[in-house]
Amino acid sequence: MTTKPQTQSLAKTKQKLHISGAEAVVKCLLEEGADLIYGYPGGAIMPVYDELYKYQDKINHVLTRHEQGATHAAQGFARVTGKVGVAIATSGPGATNLITGIADAQIDSTPMVCITGQVASHLLGSDAFQETDIVGISTPVTKWNYQITKASEIPEIFAKAFYIARSGRPGPVLIDITKDAQFDTFDFEYEKCTSVRSYKAKPEVNLEEVKAAALLINSAKKPMVVFGQGVILGEAEKEFKEFIEKAGIPSAWTILGLSALPTEHELNIGMVGMHGNYAPNKLTNECDLLIAVGMRFDDRVTGSLNTYAKQAKVIHFEIDPAEVDKNVKADVAVLGDVKESLAEILPFVNKNTHDKWLEEFNKLEAIEFDKVKKEDLFPTKEGLTMGEVLKEINNASGGDAVIVSDVGQHQMFACRYAKFNQTKSNITSGGLGTMGFALPAAIGAKMGVPDREVVMIAGDGGYQMTIQELGTILQTKAAVKIVVLNNEYLGMVRQWQQLFFDKRYASTEMTNPDFVTIAKGYSIDAKRVTKREDLASAVQEMMESKEAYFLEVCVEKENNVFPMIPTGASVSDIRLE
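Calculation notes
- Residues numbered from 1 in each chain as written.
- Predicted model: local features only at pLDDT ≥ 70, side-chain atom pairs only at ≥ 80, totals over all residues.
- Heavy atoms only, no water.
- Core = buried A, V, L, I, M, F, W, Y, C linked by side-chain atoms within 4.5 Å.
- Buried < 20%, exposed > 50% of the residue type's maximum accessible area, 1.4 Å probe, protein only.
- Contact = heavy atoms within 4.5 Å.
- Salt bridge = Lys/Arg side-chain N within 4 Å of Asp/Glu carboxyl O.
- Helix = DSSP H or I, 4+ residues; strand = E, 2+ residues; numbered from the N terminus.
- Pairing = 2+ DSSP bridges.
- Axes fitted to C-alpha atoms, helices over the stretch in contact; angles between N-to-C directions.

Peer 1: I keep staring at the nonpolar core and nothing clicks. Help me out?
Peer 2: Considering soluble globular proteins, one finds that nonpolar side chains tend to be buried as a cluster. Among the nonpolar cores identified, the biggest contains 99 residues, and Ile-217, Phe-243, Leu-290, Ile-291 and Val-293 are the most heavily contacted of them. Aside from chain neighbours lying at most four places away, what touches Ile-217 is Phe-243, Ala-247, Ile-249, Leu-289, Ile-291, Ile-315, Ile-345 and Val-349. Residues Ile-19, Ala-24, Ala-34 and Phe-186 belong to the second largest nonpolar core, which totals 40 residues.

Here it is in structure tokens:
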């Protein structure tokens with residue numbers, strides 16, 4: 001008699017590893033695919049760094065020169081890749097130095113996980129050396145935060161943190177880990193998080209809302225779209241393009257929406273907002289239907305809410321219910337992931353064109369070109385303009401570069417004049433307006449998309465706020481192209497002082513160092529341009545370099561950025577001079 005051979009179970013038993021909390025942190029990062037992180041070591045996070053040393057072949061830790069630099073680098077990486085950026089720091093000042101970047105990520109909906117060390121749990125609340133209540137400090141500027149005091153909590157909290165950071169409307173999460181939790185050992189198991197009780201990542205799309213929106217779109221004579229970063233975050237570029245092309249609707253963008261639609265697209269009518277284009281701002285108050293797609297009606301976009309699009313019906317495509325009716329009342333709110341919402345509405349939208357309406361935008365665009373753009377791009381005066389620098393960068397890049405801009409006049413010139421052929425290409429600090437953002441963010445962006453050219457645009461003021469990150473470039477060899485538009489002023493503040501404070505230039509004039517010498521001190525090729533005839537060749541040389549390159553362009557001291565909507569004024573009151 002023969003017996004049947006015993007069959008082995010196909011289900012594999014997950015083997016438990018008995019490891020330290022510090023090693024568990026590293027294993028959690030690997031489970032989440034976070035193999036590139038930015039940080040700065042210190043006493044309270046040293047056990048984790050000791051484990052990172054052992055995992056150098058699996059995780060690339062980039063030593064920034066300041067913890068704020070770590071957060072901005074993580075943001076730049078996240079913005080160009082769509083992945084979660086990771087920053088790590090020690091307790092006390094290390095942790096508090098992350099706060100600006102965390103706040104920036106929160107308002108700009110950037111997925112980021114920040115890990116901070118903390119004093120041992122028995123010392124919490126005792127004012128121990130380098131102890132700060134980072135959970136309390138970061139609560140207003142994080143999507144979620146948590147303090148780990150036991151090693152066994154690490155896998156669950158990390159899985160939850162990455163899920164919350166990347167899901168729905170993305171944002172920053174902070175995990176604070178006490179030192180004893182890093183040393184303690186436990187049986188490690190990891191299971192990815194797919195849901196959290198009481199947290200709904202995205203509303204389900206309501207078909208009745210979709211149909212109601214389609215009815216308004218099909219009956220509109222002068223519809224206008226304003227799209228924001230939600231299109232990019234939702235990876236809905238294809239659906240968005242199909243939607244506006246089928247409906248034939250002129251479409252304007254917010255600063256963070258830039259690059260979701262190619263800048264040369266026939267329905268792309270430019271930028272809305274304080275320094276946006278004349279046509280979309282002016283005609284906001286003449287459209288009969290305003291369709292907001294993945295944007296939040298920020299005050300810099302709307303100007304005075306008392307006069308903003310009062311004649312128009314409003315449709316708001318939005319993933320975050322808290323943004324609906326917050327600033328502008330919506331006649332129809334289509335809640336949900338914008339990729340899903342646009343796919344749902346497409347069959348209900350009639351094929352249409354609005355050629356006469358589009359021609360109104362083109363007429364106003366011609367006025368802006370004559371009064372503003374012509375002198376910005378093809379100046380007749382001797383001094384170099386910021387606009388012509390952007391024009392030369394466009395010529396050299398063909399619109400395929402990632403542009404990372406800092407905050408100020410140069411940021412507005414970059415957003416107004418940079419050309420983009422592909423999405424996730426305009427990286428800037430929108431909601432918080434963080435000077436010093438660009439240099440570390442450009443490093444993160446370059447490391448996220450190493451095969452693309454990454455060009456950083458900054459002013460002489462913001463550049464010096466994080467200039468120490470040239471050391472990070474020296475160590476990593478990140479081939480960032482650094483352009484500083486030097487007007488020896490805090491240019492945006494000076495412009496306001498000129499226009500609204502009778503030219504009282506209080507604390508805005510800059511006495512600057514020799515930027516070229518500093519760059520060369522970090523082994524970065526560098527050049528200064530002061531004459532127009534040298535600009536094109538210098539930009540070309542920079543773009544052709546296979547390594548990091550620094551280009552200083554000395555521009556006109558009082559080159560203002562127009563158009564401009566004065567603070568609190570209506571979008572209809574946009575000034576061309």
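Alright, that's what it looks like, and here's the rest.
Peer 1: Looking at this structure, I do not really get the pattern of salt bridges. What am I missing?
Peer 2: Close approach of charged atoms allows side chains with opposite charge to pair. Applying the stated criterion across every chain yields a total of 28 salt bridges. Between Glu-558 and Arg-494 there is a salt bridge whose closest N-O contact spans 3.8 Å. Placement of the pair is Glu-558 in the segment after strand E20 (549-554) and Arg-494 in helix H21 (residues 491-500), with a sequence separation of 64 residues. Each of Arg-169, Asp-320, Glu-323 and Lys-326 takes part in a single network of salt bridges with overlapping partners.

Peer 1: What is the right way to look at the sheet that holds strand E4 (residues 85-89) in this model?
Peer 2: Sheets are built from strands paired through backbone hydrogen bonds, the pairs being either parallel or antiparallel. Taken in spatial order, the 6 strands of this open sheet run E3-E2-E4-E5-E7-E6, and their pairing is parallel. Across the chains shown, the open sheet's two edge strands, defined by having one partner strand only, are strand E3 (60-63) and strand E6 (144-148). The sheet shows a mean angle of 20° between the axes of neighbouring strands, direction not considered. Bridge count between E4 and strand E5 (residues 112-118): 5 bridges; the pairing is parallel. Residue Ile-88 lies in a different strand from E5, and its bridge partner there is Ile-115. In the packing of helix H3 (residues 67-81) onto the sheet, the strands contacted are strand E2 (36-39), E4 and E5, and the crossing angle to E4 comes to about 170°.

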